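# Coordinates in review
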Amino acid sequence: MSENVIPQKGPTPGFLVWRLSTRWRTAVDRALAPLGLTHAQYTLLGSLHGMHRSGQRPSQRQLADHTGLEALYVSKIARSLEASGLIERTPDPADTRAVRLSLTTEGEQAARRAVATVQLLLDRLLAPLGGLGGERTAAFAAELTALLDVPLDVALDIPLDDRLG
């Protein structure tokens, strides 16, 4: 083992983030099921709702970049939301390769209900940190943001032999 690596006692931070993400995704899926939405659909619908409120009418690519989801996955989800009558997909007149997304009236109503549902759920899930408005929640969000800002292609300057232990 490399001299720079400290043995971890208990679960690693990566494992804990993965477990928390999995549990929260399950909780969101369960909370949204009565609305006929999955967590992935909510991610697009809620993000699109927020972007519309700030005056944006994003392309699928822009929505993919905003959510961190793969463009192909966003396209698939957008098609299912379109089939449900919640969004409209229209060609971008400035770029024939791009598709612009907008909420329908029904989609706007569904987004508002879903956002309210998820906000209530998150407040309960974040209760140990003071809820959505808590100082510890704000600090936790800042720490998560710092981790999300780390590029995925971080070079590891550790010889392969040392990594294999």
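Computed from a prediction, not measured in an experiment: that's the story for all the values here. (Residues numbered from 1 in each chain as written. Predicted model: local features only at pLDDT ≥ 70, side-chain atom pairs only at ≥ 80, totals over all residues. Heavy atoms only, no water.)

Attention now goes to the overall build of the protein chain. A count of helices and strands for the protein chain gives seven helices and two strands. Counting from the amino terminus, helix and strand elements in the protein chain follow one another as α-α-α-α-β-β-α-α-α. Taken over 165 residues, the protein chain has a buried fraction of 28%. Counting only contacts in the protein chain whose residues sit at least 6 apart along the sequence, the fraction spanning at least 24 positions is 49%. Surface summary for the protein chain: the accessible area is close to 11,500 Å², and the carbon and sulfur share equals 56%. (Helix = DSSP H or I, 4+ residues; strand = E, 2+ residues; numbered from the N terminus. Buried < 20%, exposed > 50% of the residue type's maximum accessible area, 1.4 Å probe, protein only. Contact = heavy atoms within 4.5 Å. Areas by Shrake-Rupley, 256 points an atom, 1.4 Å probe, with all protein chains shown as cover.)

A contiguous nonpolar surface patch, about 340 Å² in accessible area, is contributed by Phe15, Leu16 and Trp18. Here Trp18 is to be found in helix α1 (residues 13–32). Note on Trp18: relative accessible area 52%, which makes it exposed. (Patch = residues over 30% accessible without salt bridge, like charges linked within 9 Å, V, L, I, M, F, W, Y side chains within 5 Å. Salt bridge = Lys/Arg side-chain N within 4 Å of Asp/Glu carboxyl O.)

With that settled, consider the pattern of salt bridges. Evaluation of the coordinates by the stated rule reveals five salt bridges. For Arg89, the salt bridge goes to Glu82, with nearest N and O atoms at 3.4 Å. Owing to a relative accessible area of 31%, Glu82 belongs among the partly exposed residues under this scheme. Measuring nitrogen to oxygen at the nearest pair gives 3.3 Å for the salt bridge that ties Arg97 to Asp95. Overall, the relative accessible area of 75% leaves Arg97 in the exposed class.

Turning to the packing of helix α3 (residues 60–67) against helix α4 (residues 71–83), a few remarks are in order. One can describe the packing of α3 onto α4 by two numbers: an axis separation of 9 Å at closest approach and a directional angle of 115°. What the angle tells us is that α3 and α4 run roughly perpendicular. Read as a crossing pair, α3 and α4 show a hand that is right-handed. Along its contact with α3, which presents Gln60, Arg61, Leu63, Ala64 and Thr67, the element α4 presents Ala71, Val74, Ser75 and Ala78. Across the contact of α3 with α4, the residue classes break down as five nonpolar, three polar and one charged. (Axes fitted to C-alpha atoms, helices over the stretch in contact; angles between N-to-C directions. Parallel < 35°, antiparallel > 145°, perpendicular 65-115°, else oblique. Left-handed = near helix turned anticlockwise from the far one by under 90°. Nonpolar A, V, L, I, M, F, W, Y, C, P; charged D, E, K, R; others polar.)

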